Amino acid sequence: MEHTLEQNNKIVVLENGPYLMEGKFTFIDHTGSETSKEGKVALCRCGLSASKPFCDGTHRRNEWKS
Ligand code: FES
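Residues numbered from 1 in each chain as written. Predicted model: local features only at pLDDT ≥ 70, side-chain atom pairs only at ≥ 80, totals over all residues.

What follows is about the overall build of the protein. Helix and strand counts for the protein stand at 1 helix and 4 strands. Going from N to C terminus, the protein has its helices and strands arranged as β-β-β-β-α. Oriented by its inertia axes, the alpha-carbon framework of the protein measures out at about 30 × 25 × 15 Å. Scored against the burial criterion, the 66 residues of the protein give a buried share of 8%. When contacts within the protein are restricted to residue pairs at least 6 apart in sequence, those whose partners lie at least 24 apart make up 29%. (Helix = DSSP H or I, 4+ residues; strand = E, 2+ residues; numbered from the N terminus. Buried ≥ 20, exposed ≤ 12 C-beta atoms within 10 Å, placed from the backbone. Contact = placed C-beta atoms within 7 Å.)

All right, on to the pairing of strand E2 (residues 10-13) then. Pairing of E2 with strand E3 (residues 19-28), which is carried by 4 bridges, proceeds in the antiparallel orientation. By the bridge assignment for E3, Ile11 is matched with Met21. With antiparallel pairing between neighbouring strands as the criterion, E2 and E3 make up a hairpin whose turn holds 5 residues, including Asn16 at a positive phi of roughly 55°. (Pairing = 2+ DSSP bridges.)

We now examine the confidence of the model for the protein. Confidence along the protein averages 90 in pLDDT terms, with 91% of residues attaining 70 or more. Predicted confidence in the protein is weakest over strand E1 (residues 2-5), with a mean pLDDT of 59, and strongest over helix H1 (residues 58-61), with 97. (pLDDT = per-residue confidence, 0-100.)

Put into structure tokens, the structure is as follows:
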């Protein structure tokens, strides 16, 4: 999946958790399908989420550490 970032967006790496993105984003998957998001979005960093690329909280249940 390709991610397009606009100016003034930010990404914060949370300890033992996801990438917390804040701003306005367009996500483009491998088929070219686009999804726009605005505000705060958490992207999975542990690889365990059932709704990748988004965090679904599974990292907490599995006590994932980074
Ligand atoms: S970081 Fe939350 S489910 Fe992967």
